[in-house]
Amino acid sequence: MERVVVFGRGGSGKSTLCRRLGDLSGLPVLELDKVYWNQNLDVLSPEEWVQRQLNITEAELWIIDGDLGPLDVREPRLARADTVILMDTPLVTCVWRAVRRSRQRMDFWVWVFQWGYKYRPAIIRDVQKIVPAVNLVKLTNRREVDRWLANHVPNR
C-alpha cells in the first residue's frame, strides 16, 4: 500500500481515516479540498483539475483524501492508486457529523444526499473501469475502520 485514494460523502470519516492511516503507515496525506478550493470557493475547469491531480500523483507515496462529487474528475488519481477505500458510512451519521462540524453550502447538502445513489455507483464503475485489479476496500463504520487498520496497515 503506497498510493491510496479515499472516497466518501461529506461526514463519512474520510479525513479521520486518512490521518490515522498516515500516522500508522508513514504515508503523506493530501486533502483534495486544500488542492481544489481557493478562499472564494471558485470552481476549477475539468482540465485544470486534471492537471493539478497529475502533478500531485507524480509522487511515489501518498494518501489522497477527498471526493468532490459532481466537480470531480477521478481518473488521474485512480490510475496511480494501488488501494481505493470507499467510506460508505450511513447517511444519518454523515449528516449528524456534518451539522456538528460547520455550516455548509446548499451544493454540499445536495451532494451528501445524492451520494449513495448517484456518486457511489459512479465511483465503483470508475474503479472497475480504470483500475480493475486495485485493492478496493469498503468501510461502513468506525469498528470496521479500526479492524481494517489493525489488520492491513503495516507500520513503516
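Here, every reference points to the structure presented above.
Residues numbered from 1 in each chain as written. Predicted model: local features only at pLDDT ≥ 70, side-chain atom pairs only at ≥ 80, totals over all residues. Heavy atoms only, no water.

S.K.: How should the layout of surface pockets be read in this particular structure?
M.R.: Think of a ball as big as a water molecule: rolled over the atoms, this probe shows where empty space is left. There is about 1,000 Å³ of room inside the largest pocket. Considering the residues around the largest pocket, the lining is formed by 39 residues, among which G10, K14, D33, R101 and F108 are closest to the centre. Of all the secondary-structure elements, those providing two or more residues to the lining of the largest pocket are α1 (14-25), α2 (32-36), α5 (91-101), α6 (106-130) and α7 (142-152). Per-element tally for the lining of the largest pocket: the top contributor is α6, with 6 residues. (1 Å grid on protein atoms, 1.4 Å probe; cavity = no way out; pocket = protein on both sides within 12 Å on 5 of 7 lines; lining within 4 Å. Points joined across faces, edges and corners; volume = space filled by probe spheres on them. Helix = DSSP H or I, 4+ residues; strand = E, 2+ residues; numbered from the N terminus.)

S.K.: I'm lost on the environment of L21 in this one. Help?
M.R.: Summarising the element assignment, L21 is placed in helix α1. Residue L21 is classed as buried on the basis of its relative accessible area of 0%. Spatially, the C-alpha atoms of L21 and V134 are 18 Å apart, while their sequence positions differ by 113 residues. Residues within four places of L21 in sequence aside, it is in contact with M1, V4, G26, I63, I85, W148, L149 and V153. (Buried < 20%, exposed > 50% of the residue type's maximum accessible area, 1.4 Å probe, protein only. Contact = heavy atoms within 4.5 Å.)

S.K.: So what exactly am I meant to see when it comes to the side chain of D126 here?
M.R.: Of note, D126 is situated in helix α6. A distance of 2.8 Å separates polar atoms of two side chains, one belonging to D126 and the other to R74. If sequence neighbours within four positions are ignored, D126 has contacts with R74, L78 and V131. (Polar contact = N/O pair within 3.5 Å; in protein donor to acceptor, adjacent residues only side chain to side chain.)

S.K.: I tried to follow the nonpolar core on my own but got confused; where do I start?
M.R.: One broad trend across soluble globular proteins is that nonpolar side chains are buried collectively. Core analysis: the biggest nonpolar cluster contains 26 residues, and F7, W49, V84 and V127 have the highest contact counts within it. Listing elements by their share of this core, those giving two or more residues are β1 (3-8), α2, α3 (46-56), β3 (62-65), β4 (83-87) and α6. Sorting elements by how many residues they give to this core places α6 first, with 8 residues. (Core = buried A, V, L, I, M, F, W, Y, C linked by side-chain atoms within 4.5 Å.)

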